[in-house]
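Geometric and topological summary
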Amino acid sequence: MLQPIQDTLFDTHQVEVYVYRLDLIHPQVSGNKGYKLKYNLLTAKQQQKNTLLTFGGAYSNHIYATAAAGKKAGLKTIGVIRGEEHLPLNPTLQFATEAGMHLHYMDRSTYRNKKSEEVIAQLRQEFGDFYLVPEGGSNALAVKGCTEILPEIKLDFDVVATACGTGGTLAGLVAHLDASKQVLGFPALKGGEFLYQDIAQLLDAYYTQEDLPDTRQSYTLMTDYHFGGYAKKKPTLERFIAEFQQKHHIPIEWIYTGKMFYGLYDLIEKRYFAPGTTIVALHTGGLR
């Protein structure tokens, strides 16, 4: 659902803003998660795997969505959770366990090396054979899924904006679009410049796996809107989210989408966009 939003700020600077409501796609596998998991689930089935293992923090929307998607697909799921167990479980992890996901807690030092062969080997020794889905679901297959987001939009737009965690969604947008469109990413993490390298690696893997010519376009990461880092917020952000929701009746949260919309409004106010620009902001879900 593509929803236009109105604001005197937009009128003043002569821009149009639309919100692409990916959060309305599915009650549990909402936002960009379904796109990122689509081909991973298909591949797991093709490889005759019956278990998915993935990684995430205690409030990870990816953990939530993987638990739901795995249950729907008839696959067992294991969530490797960063840090120590805290009881009672928060709503994200409570839902995951109710959906059948086994939670395995990993100390933060080991978690930082979760991609290493040693850590993966230890997990295979403990849990047996599984299909590995990276943290945030971002791999070449996730990029492939995310190339399918924008073709559904029947609108001539100039700019697309998205929140960024692991960079998979933005990589899919970049792989799909031509040079006439501007892509903006709003990292939710402090020091988000590292995502340039991660996104480049995701695109390399995507073009290689799909045996496609490398047609990636340029994009820009707006790294000044993290509000202190991942899962951190400040009163300024909280006030903005409250006002945005009251005015537009669109739910957003402070980890991803709230930061993106705050950044977008700030850029419009600073005349970052030329008059006449049409902007599509992806609502990537993450409301839990």
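Residues numbered from 1 in each chain as written. Predicted model: local features only at pLDDT ≥ 70, side-chain atom pairs only at ≥ 80, totals over all residues. Heavy atoms only, no water.

The geometry of an aromatic ring pair comes down to the distance between the two centres and the angle between the two planes. All told, the structure shown has 15 aromatic pairs when counted by the stated rule. Taken together, a centroid distance of 4.9 Å and an interplanar angle of 85° make the contact between phenylalanine 227 and tyrosine 262 edge-to-face. Remark: tyrosine 262 occurs in helix α11 (residues 257–269) and phenylalanine 227 occurs in the loop between β9 (220–221) and α10 (235–248); sequence separation between them is 35 residues. On the accessibility criterion, phenylalanine 227 (12% relative accessible area) is buried. Looking at tyrosine 262, the relative accessible area reads 21%, which means it is partly exposed. Aromatic side chains phenylalanine 240 and tyrosine 262 sit 5.4 Å apart centroid to centroid with 80° between the ring planes, which places their arrangement in the edge-to-face category. Of this pair, phenylalanine 240 sits in helix α10 while tyrosine 262 sits in helix α11, and the two are 22 residues apart along the sequence. Under the relative-accessibility criterion, phenylalanine 240 is labelled buried at 11%. Here the aromatic residues Phe10, Phe186, Tyr225, Phe227, Phe240, Phe244, Phe261, Tyr262 and Tyr265 are joined through ring pairs into a cluster of three or more. Here the guanidinium or amino end of lysine 144 rests over the ring plane of tyrosine 39, the centre of that ring lying 4.4 Å away. Across from the ring centre of phenylalanine 157, 4.8 Å away, lies the NZ or CZ of lysine 181, which sits over that ring. (Phe/Tyr/Trp six-rings, centres within 6.5 Å; stacked < 30°, edge-to-face > 60°. Helix = DSSP H or I, 4+ residues; strand = E, 2+ residues; numbered from the N terminus. Buried < 20%, exposed > 50% of the residue type's maximum accessible area, 1.4 Å probe, protein only. Lys NZ or Arg CZ within 6 Å of the ring centre and 35° of its normal.)

Taking 1.5 Å of rise per residue, the 14 residues of helix α2 (residues 33–46) would be expected to cover 20 Å, and the 20 Å separating its terminal C-alpha atoms lies within 8% of that figure. Where α2 is concerned, the buried positions are Lys33, Tyr35, Lys36, Leu37, Tyr39, Asn40, Leu41, Thr43 and Ala44. Where the residues of α2 are buried, they touch β3 (51–56), α3 (61–73), β6 (131–133), α7 (140–146) and α8 (168–176). Note on α2: the residue one or two positions beyond its end, glutamine 48, has a positive phi of about 60°. (Expected span 1.5 Å × (residues − 1). Contact = heavy atoms within 4.5 Å.)

What follows concerns the environment of phenylalanine 157. With respect to the element layout, phenylalanine 157 can be found in the loop between α7 and β7 (159–164). The exposure class assigned to phenylalanine 157 is buried, which follows from its relative accessible area of 5%. Separated by 141 residues in sequence, phenylalanine 157 and glutamate 16 place their C-alpha atoms 9.2 Å apart. Ignoring anything within four residues of it in the chain, the contact list for phenylalanine 157 reads Leu150, Leu177, Lys181, Thr278 and Val280.

Pairing in this open sheet of six strands is mixed, and the strands run β1-β2-β10-β7-β8-β9 from one edge to the other. For this open sheet the edge positions go to β1 (2–5) and β9, each flanked by a neighbour on one side alone. (Pairing = 2+ DSSP bridges.)

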